[in-house]
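Breakdown of the fold
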Amino acid sequence: MIRFANVEKWFGPLHVLAGISGEVRKGEVLVLLGPSGSGKSTLIRTVTRLEQIQKGQVLVGGIDVASRGVNINRLRQRVGFVFQAFNLFPHLTALGNVTLGLERLRKMRKVEARSRGMHELARVGLAEKADTIPARLSGGQRQRVAIARALALDPEIMLFDEPTSALDPEMVGEVLQAMKSLVQSGMTMITVTHEIGFAREVSDTIWFMDEGQIVESGRPATVFDNPQHVRLRRFLAECH
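Below, the structure is looked at part by part. (Residues numbered from 1 in each chain as written. Predicted model: local features only at pLDDT ≥ 70, side-chain atom pairs only at ≥ 80, totals over all residues. Heavy atoms only, no water.)

On to the overall build of the protein. When helices and strands are counted, the protein shows nine helices and ten strands. Taking 2.2 N^0.38 as the reference for a compact globule, 240 residues should give roughly 18 Å; the C-alpha atoms of the protein span a radius of gyration of 18 Å, in line with that estimate. Along the longest, intermediate and shortest principal axes, the C-alpha atoms of the protein span 55 × 45 × 35 Å. Burial analysis of the protein (240 residues in total) assigns 51% to the buried set. Considering only contacts in the protein between residues 6 or more positions apart, those separated by 24 or more positions represent 65%. In the structure as shown, the protein presents an accessible area of about 11,400 Å², 48% of it carried by carbon and sulfur atoms. (Helix = DSSP H or I, 4+ residues; strand = E, 2+ residues; numbered from the N terminus. Rg over C-alpha atoms; globule rule 2.2 N^0.38 Å. Buried < 20%, exposed > 50% of the residue type's maximum accessible area, 1.4 Å probe, protein only. Contact = heavy atoms within 4.5 Å. Areas by Shrake-Rupley, 256 points an atom, 1.4 Å probe, with all protein chains shown as cover.)

Spelled out as structure tokens, the structure:
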């Protein structure tokens with residue numbers, strides 16, 4: 001579903017992604033771990049071309065996202081993106097946030113969009129908050145609305161960029177539970193997170209990144225129980 005081929009990215013003199021290669025198969029859950037500034041968020045943003053790369057290729061379903069003829073808006077409809085800071089429209093209700101893309105991008109009639117929006121809010125346990133604006137929702141609820149909004153467009157892939165890092169600890173569980181239900185449905189996912197327990201439970205593969213490189217990768221049991229790289233051992237010790 002997703003293939004990174006020798007991906008290179010600089011911010012000025014800073015080499016943020018230094019030759020990243022790897023792939024995510026259909027239905028697979030990849031978790032990116034690593035210290036702040038290691039390139040994790042930049043890497044997943046290249047999938048929808050929110051970040052341009054200078055060298056290499058990022059392929060989604062065999063399509064090079066940087067190729068001249070690619071319809072980037074159509075590509076982005078195939079890939080749901082949930083951000084750290086929710087990115088909800090404050091003047092719209094929870095339902096309005098979910099239905100906006102359906103009406104604007106999918107040209108769905110209001111009654112159809114409302115029905116689909118309610119289905120997705122129910123899926124994340126928020127049907128009763130449909131008419132509530134974001135300011136009156138908790139952080140965890142806002143993030144679940146963001147997940148519902150992404151799911152409404154029927155994505156083939158979901159990308160999560162530290163979806164719980166802006167939340168109070170008691171709200172983290174409800175967002176992780178919504179994500180676990182997606183895993184059980186067979187969704188292809190890449191998640192940037194520091195939630196080690198979640199990563200161990202749901203991931204098929206872990207990539208540990210540091211200084212723009214994948215320094216260790218493998219099945220969660222191998223990576224967590226028998227870490228080889230000193231930087232990974234140090235990172236895991238700091239997380240516990």
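Our focus in this paragraph is unusual backbone geometry. One non-glycine residue, Arg49, adopts positive backbone phi at about 60°. Inspection of the secondary structure puts Arg49 in the loop between helix 1 (40–45) and strand 4 (55–60).

Take the pattern of salt bridges next. A side chain with one charge may pair with a side chain of the opposite charge, provided their charged atoms come close. As enumerated under the stated definition, the model contains 14 salt bridges in all. Glu23 is the salt-bridge partner of Arg25, the closest N and O atoms lying 3.4 Å from each other. The exposed category is assigned to Arg25, whose relative accessible area is 53%. By relative accessible area, which is 41% here, Glu23 ends up partly exposed. Across the salt bridge formed by Arg231 and Asp210, the nearest N and O atoms sit 2.8 Å from each other. With Arg231 in helix 9 (residues 230–239) and Asp210 in strand 9 (residues 205–210), this pair connects stretches of sequence that are 21 residues apart. The exposure class assigned to Arg231 is partly exposed, which follows from its relative accessible area of 24%. The network of salt bridges with shared partners includes Arg116, Glu120, Arg123 and Asp154. (Salt bridge = Lys/Arg side-chain N within 4 Å of Asp/Glu carboxyl O.)

Next up on the list: the sheet that holds strand 6 (residues 79–82). Adjacent strands of a sheet pair through backbone hydrogen bonds, lying either parallel or antiparallel. The strand order across the open sheet built from six strands is 6-7-8-3-9-10, with neighbouring strands paired in mixed fashion. Either end of the sheet is taken by a strand with one partner, and the two such strands are strand 6 and strand 10 (213–218). If you compare each strand with its neighbour and ignore which way they point, the axes differ by 15° on average. Looking at chain direction, strand 3 (residues 29–33) and strand 8 (residues 188–192) are connected through four bridges and run parallel. Across the sheet, Val29 pairs through a bridge with Met189, a residue of strand 8. Packing of helix 5 (residues 139–151) onto the sheet brings it into contact with strand 6 and strand 7 (157–161), and relative to strand 6 it is tilted by some 170°. Taken strand by strand, helix 9 contacts strand 3, strand 9 and strand 10, and its axis lies near 100° from that of strand 9. (Pairing = 2+ DSSP bridges. Axes fitted to C-alpha atoms, helices over the stretch in contact; angles between N-to-C directions.)

Mapping Gly186 onto the fold places it in the loop between helix 6 (169–184) and strand 8. For the pair Gly186 and Lys26, spaced 160 residues apart in the sequence, the C-alpha separation amounts to 8.4 Å.

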